[in-house]
Structures are given as C-alpha cells and as structure tokens.
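Here is what each chain is made of, one letter per residue.
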Amino acid sequence: MTTIRRFCCNDLLRFTSVNLDHLTETFNMSFYMTYLARWPDYFHVAEGPGKQIMGYIMGKVEGQGESWHGHVTAVTVAPEYRRQQLAKKLMNLLEDISDKIDKAYFVDLFVRASNTPAIKMYEKLGYVIYRRVLRYYSGEEDGLDMRKALSRDVEKKSIIPLKRPVTPDELEYD
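The structure displayed is predicted, hence computed values, not measured ones.

1. A look at the packing of aromatic side chains
Part 1 of the reasoning: Here the structure, examined in full by the defined rule, presents 13 aromatic pairs.
Part 2 of the reasoning: Here phenylalanine 7 and phenylalanine 15 contribute two aromatic rings whose centre-to-centre distance is 5.4 Å and whose plane-to-plane angle is 75°, an arrangement assigned as edge-to-face.
Part 3 of the reasoning: Given a relative accessible area of 5%, phenylalanine 7 falls into the buried group.
Part 4 of the reasoning: Between the aromatic rings of tyrosine 136 and tyrosine 137, the centroid separation amounts to 4.9 Å while the plane-to-plane angle is 90°, which identifies the pairing as edge-to-face.
Part 5 of the reasoning: Residue classification places tyrosine 137 among the buried residues on the basis of a relative accessible area of 9%.
Part 6 of the reasoning: Three or more aromatic residues joined by ring pairs form one cluster here, namely Phe7, Phe15, Phe27, Phe31, Tyr32, Tyr35, Trp39, Phe43 and Tyr56.
Part 7 of the reasoning: Above the plane of the ring of tyrosine 137 lies arginine 112, whose end atom (NZ or CZ) is 4.4 Å from the centre.
Part 8 of the reasoning: Above the plane of the ring of tyrosine 130 lies arginine 147, whose end atom (NZ or CZ) is 3.6 Å from the centre.

Rules of the game
Residues numbered from 1 in each chain as written. Predicted model: local features only at pLDDT ≥ 70, side-chain atom pairs only at ≥ 80, totals over all residues. Heavy atoms only, no water. Phe/Tyr/Trp six-rings, centres within 6.5 Å; stacked < 30°, edge-to-face > 60°. Buried < 20%, exposed > 50% of the residue type's maximum accessible area, 1.4 Å probe, protein only. Lys NZ or Arg CZ within 6 Å of the ring centre and 35° of its normal.

Structure, rendered in structure tokens:
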C-alpha cells in the first residue's frame, strides 16, 4: 500500500535512489531545506511498504495578482514504481492545495523539450504548453513552460500560449 505524506527532514537522507533518473533535476541540500521550510504544504513523498520512497513532489506558491500560481519544482517517481499513477496523485495533491488553500490562478512547471513521456503525461493531466524557454536547462536544452488553469481563472487567461519563445532572462522569479 502506498502512503502519501508530507516530506520531512529525514527523507533527505533516504530519497537519493529516486533522484538517479537522468531526467530528474537534483539540487543541493540547502535548496531542499528551503522548500521544506517555506512551502511544507507543497512537498510530499509517496512511501511504499517497508518505508521505501517511491517518489516525491516539491513545489511552491508564488507570483502576484493574476500571476499568483502554484509551481511544480520537481516531481519524480522511481523507475520501478512508474505506471502506477503516482505522479498523477502527487500532481493532483499539489493542484488541490494551489486551488483550494492558496486560491491560485494556475499551476505551472518546466519540462525538458525532449522529455516526450513527461509532456504526454502532463497533457493527459490537463496541462498545455504555454511557452518555450530557449536553452533553459544548463544553457543547452530548451524547456517547455506548461500550465493548467485552476478554478479561480474562470476565463482561462493564464493558459493562452505565447506566440514566441522566450529566454531564461525574460522569466519572472519570486
């Protein structure tokens, strides 16, 4: 049986195997600790029998006005636990928190333009490609900014795609 619960400090010592996938962005410990301290509602782990970490999601809420949104910083599931809808469950949890608790207009995420399986999964979850970010990943690979409108964005303005690609310098960060 799978349990989804809040990520805790001890998990930082136990989730390395999940991060071994070459498509998973990894960060330094202080980065994870900052998310854990600032946005604990947006950091969850899927745990299996024997307390095995199966996957996790890490995100935050940011922006102002109609740009107020939930952001998926990382979502990953260990290869042996894929195709069990864990990523979907983790994404739904972050979306619900963004929508119902923080009253965000949309949820966004960045994905490598070459990561076709992830793009297809996000599209099945209702995400659209909002814009292409040139050389987003390590100054080499393009990223796709994908968005899903939430209930507060009644007119779905947040997901109208931009007509031209942008550079990382043009992105707004909070």
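Here the narrative resumes, following the displayed structure.
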